[in-house]
Amino acid sequence: MNLHYQTNDKGHLAIGGADALDLAQEYGTPLYAVDELRVRDNYRRVYQAFSQEYKKFQIFYAAKANTNLAVMRILEEEGSGIDAVSTGEIYTALLAGFEPERILYTGNNVTTHELEFALNSGVRINVDSISQLQRLAELPGSDGLKISFRVNPMVGAGHHDHCITGGELSKFGIMEQEAVEVYNMALDLGFRPVGIHTHIGSGILDPEPFKLAVEVLMDVAGRVHSETGVNFEFIDFGGGLGIPYTPDEPLLEIETFAREIIGLFKDKIYDYGLNNPTLCIEPGRYLVGDASYLLTRVNTVKNSYRKFVGVDAGFNTLLRPTMYGSYHHILVVDKPDAVPKENLDVAGNICESGDLFARDRLLPEVKEGDVLAIMNAGAYAFSMASQYNSRPRPAEVLVKNKEVDVIRERETFADLLYKQNLPVRLLK
Ligand code: LLP
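Quick caveat, the model's predicted, so the values are computed rather than measured. (Residues numbered from 1 in each chain as written. Predicted model: local features only at pLDDT ≥ 70, side-chain atom pairs only at ≥ 80, totals over all residues. Heavy atoms only, no water.)

**Q** Any chance you could explain the sheet that holds strand β1 (residues 6-7) here in plain terms?
**A** Adjacent strands of a sheet pair through backbone hydrogen bonds, lying either parallel or antiparallel. Pairing is antiparallel across the open sheet formed by three strands, whose spatial order is β1-β2-β3. Only two strands of the sheet have a single neighbouring strand rather than two, namely β1 and β3 (18-19). Where β1 and strand β2 (residues 13-15) come together, two bridges link them in antiparallel fashion. Bridging across to β2, Gln6 finds its partner in Ala14. (Pairing = 2+ DSSP bridges. Helix = DSSP H or I, 4+ residues; strand = E, 2+ residues; numbered from the N terminus.)

**Q** Whenever I open this one, the packing of helix α4 (residues 87-95) against helix α5 (residues 112-121) confuses me. Can you help?
**A** Two quantities define a packed helix pair, namely the angle between the helix axes and the distance between the axes. Across the interface, α4 lies against α5 with an axial gap of 10 Å and an inter-helix angle of 20 degrees. Judged on the interaxial angle alone, α5 and α4 are roughly parallel. Crossing hand, α4 versus α5: left-handed. For the pair formed by α4 and α5, the contact residues are Thr87, Ile90, Tyr91 and Leu94 on the first element and Glu114, Phe117, Ala118 and Ser121 on the second. Considered class by class, the residues forming the contact of α4 with α5 number five nonpolar, two polar and one charged. (Axes fitted to C-alpha atoms, helices over the stretch in contact; angles between N-to-C directions. Parallel < 35°, antiparallel > 145°, perpendicular 65-115°, else oblique. Left-handed = near helix turned anticlockwise from the far one by under 90°. Contact = heavy atoms within 4.5 Å. Nonpolar A, V, L, I, M, F, W, Y, C, P; charged D, E, K, R; others polar.)

**Q** Explain the packing of helix α2 (residues 36-51) against helix α9 (residues 254-272) here, please?
**A** Relative orientation of the contacting elements α2 and α9 amounts to 40 degrees, with a least axis distance of 8 Å. For the element pair α2 and α9, the recorded crossing hand is right-handed. Of the residues in α9, those touching α2 at Arg45, Val46, Ala49 and Phe50 are Ile254, Glu255, Phe257, Ala258, Ile261 and Ile262.

**Q** Could you clarify how one ought to interpret the site of the ligand in this entry?
**A** Not every one of the 20 residues close to the ligand is listed here, only the nearest: His159, Ser202, Glu282, Arg320 and Tyr380. Ser202 is positioned with one of its side-chain polar atoms (N or O) 2.4 Å from an oxygen atom of the ligand. Residue classes in the shell around the ligand are distributed as seven nonpolar, seven polar and six charged. (Near = heavy atom within 4 Å. Polar contact = N/O pair within 3.5 Å; in protein donor to acceptor, adjacent residues only side chain to side chain.)

**Q** Looking at this structure, how should I read the side chain of Ser80?
**A** By secondary structure assignment, the location of Ser80 is in the loop between α3 (69-78) and β6 (81-84). Sequence-distant contacts of Ser80, defined by excluding residues within four places in its chain, comprise Tyr43, Gln58, Ile59, Phe60, Tyr61, Leu75, Phe98 and Arg102.

**Q** Before we go on, may I ask you to explain the environment of Gly141 in this structure?
**A** With respect to the element layout, Gly141 can be found in the loop between α6 (130-137) and β9 (146-152). Sequence separation between Gly141 and Met1 is 140 residues, and the spatial gap between their C-alpha atoms is 54 Å.

**Q** Explain the domain arrangement of the protein to me, please; I cannot follow it from the model alone.
**A** Where interface size is quoted, it is often the accessible area lost as the parts come together. We note that the domain assignment places domain 1 (6-35 + 289-416) and domain 2 (36-284) within the protein. Spacing between the C-alpha centres of domain 1 and domain 2 amounts to 32 Å. On the side of domain 2, 22 residues touch domain 1, which itself brings 25 residues to the contact. Buried area between domain 1 and domain 2, both sides added, is near 2,100 Å², and the carbon and sulfur share of it is 55%. Ranking the residues of domain 1 by area buried against domain 2 places Asp290, Tyr324 and Tyr380 at the top, with a combined share of 25%. Of the charged contacts in the structure, one is a salt bridge between Arg38 and Asp290, with a shortest N-O distance of 2.7 Å. At the boundary of domain 1 with domain 2, the tally comes to 15 residue pairs in polar contact (both at pLDDT 80 or more). Elements represented by at least two residues in the side of domain 1 that touches domain 2 include exactly β4 (31-35), α11 (320-324), β20 (395-400) and β21 (403-408). With four residues, the top contributor of residues to the side of domain 1 that touches domain 2 is β20. Of the residues belonging to the side of domain 1 that touches domain 2, the class tally is 11 nonpolar, eight polar and six charged. (Domains from an automatic or database assignment. Buried area = accessible area lost by both parts, 1.4 Å probe. Salt bridge = Lys/Arg side-chain N within 4 Å of Asp/Glu carboxyl O.)

**Q** Hey, could you run me through the pattern of salt bridges in this one?
**A** Opposite charge on two side chains allows them to pair when their charged atoms are near. Per the counting criterion, the structure on display carries 20 salt bridges. As a salt-bridge pair, Arg259 and Glu53 come within 3.9 Å of each other at their nearest N and O atoms. With Arg259 in helix α9 and Glu53 in the loop between α2 and β5 (57-62), the pair connects residues that are 206 residues apart, well separated along the chain. A relative accessible area of 23% places Glu53 in the partly exposed class. Of the charged contacts in the structure, one is a salt bridge between Lys268 and Asp219, with a shortest N-O distance of 2.8 Å. With Lys268 in helix α9 and Asp219 in helix α8 (residues 207-228), this residue pair connects regions lying 49 residues apart in the sequence. Here the salt bridges do not stand alone but share partners, grouping Glu36, Arg40, Arg44, Glu77 and Glu78 into one network. (Buried < 20%, exposed > 50% of the residue type's maximum accessible area, 1.4 Å probe, protein only.)

**Q** I keep staring at the environment of Arg44 and nothing clicks. Help me out?
**A** With respect to the helices, strands and loops of the structure, Arg44 is situated in helix α2. The spacing of Arg44 and Ala186 is 142 residues in sequence and 36 Å in space, taken between C-alpha atoms. Within polar-contact distance, the side chain of Arg44 engages the side chain of Glu78 at 2.7 Å.

**Q** Please clarify how α5 should be interpreted in this entry.
**A** In an α-helix there are 3.6 residues to a turn, and that puts residues three or four apart on one side. For α5, the set of buried residues is Leu115, Ala118, Leu119 and Ser121. End-on, the buried residues of α5 take up no more than an arc of 165 degrees, which puts them together on one face. Of the exposed residues in α5, those oriented more than 90 degrees away from the buried face are His113 and Asn120. The inward-facing, buried residues of α5 abut α4, β7 (103-105), β8 (124-127) and α6. The positive-phi residue at the C-terminal boundary of α5 is Gly122, with phi of around 80 degrees. (Arc of directions from axis to C-beta.)

**Q** Explain the packing of aromatic side chains here, please?
**A** To describe a pair of aromatic rings, you give the distance between the ring centres and the angle between the ring planes. If you walk through the whole model with that rule in mind, you get 11 aromatic pairs. Ring plane angle 80 degrees and centroid distance 6.3 Å describe the contact between Phe50 and Phe257, whose orientation is recorded as edge-to-face. One end of the pair, Phe50, is in helix α2; the other, Phe257, is in helix α9, with 207 residues separating them in the sequence. On the accessibility criterion, Phe50 (0% relative accessible area) is buried. Phe257 gets classed as buried once you look at its relative accessible area, which sits at 3%. For the ring pair Phe149 and Tyr183, a centre distance of 4.8 Å and an interplane angle of 65 degrees mean the geometry is edge-to-face. Here the residue Phe149 occupies a position in strand β9, and Tyr183 occupies one in helix α7 (residues 179-188), the gap between them amounting to 34 residues. Judged by its relative accessible area of 0%, Phe149 falls in the buried class. (Phe/Tyr/Trp six-rings, centres within 6.5 Å; stacked < 30°, edge-to-face > 60°.)

Next up, the structure:
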């Protein structure tokens, strides 16, 4: 079993040392509960694995996985940078205390207005297209700007088609074969191109495609360096590091992974005479995915054509099972280690048939009133949540050594109407 969780002396699920049943009782359900030390451990494990092999190493946490300010503060304290994909993420990261130079903005299909915002914020800009480059060049203050490019290495990987971002179907990045031309264009426009970037997809447990992309990107960097004279200050291999979601999925052996990536990287910087650039990666899921649980209470057990366990959360709180068919392991919080008894469908409270957290899942006996913990709810969970079906979004708590802080209040009905205006002619 590669899924990580802890139990207390009552045999209940413990999150940051607190009893998950008490958390559900005290703060209500559905509830996101984040284990602070797990986030810190995850960060340190990755940092350690890479930096012991190569000192010039920087992590840019992919904020899209979880943009809660407290989570971002924790990672800022640990020394992380931020991979921001929107101006909203730049804004949030700045508010969370990240220095602009520790924020790398990788937008796609961005407006000129967004480029202007990024430029004026002083963050690093990672350019995704020639159009973006040309529009950036026209903005006052862009002369001499340090930039990087996202390259599509024609290698892609990921847990679902929607999460593969390299290859010929991908909308991201510039083509590897146009890289020399594009770096030359950047030089002609007065930029200082100092970085190169790729991100091939998300949820990668097999290191092979990632390694292949590293080789391709390094070859592109070598070519750009020798043909344009660009000296790379940093080379960024993106995120995508997977975590197990099912009990028998493998762990990505992070030390071996780091050693292999850095081995390839060092060989290539030597071959191409690149001058010890900083190696960057952008994990999101790996840092925060397994640090949170979605606690939800069973309100209905229904024997229909199938046996349904109905809970008080829905795909508006955790979209991944519905959107990608993703497996999320489910524990009964007062008996996480109980022997599974029967196959159940765990259904949410949204009015759509696709609103299922699990189909035919072998679970211990579950009764109305039980609290379930949906695991791996730290990444792409709250950040993809919505108010669909007019359901206020849940609260989030952060737990460390049994100490609990509410880091996001539960929304109310008033929040459902936030920013709506009723035209005077429609007033009753
Ligand atoms: N860097 C860039 C440029 C990215 O686009 C992403 C993710 C990452 C880094 C971080 O990837 P990670 O290490 O978290 O795999 N909603 C999907 C995942 C979409 C990821 C999009 N980009 C899911 O729930 O699986």
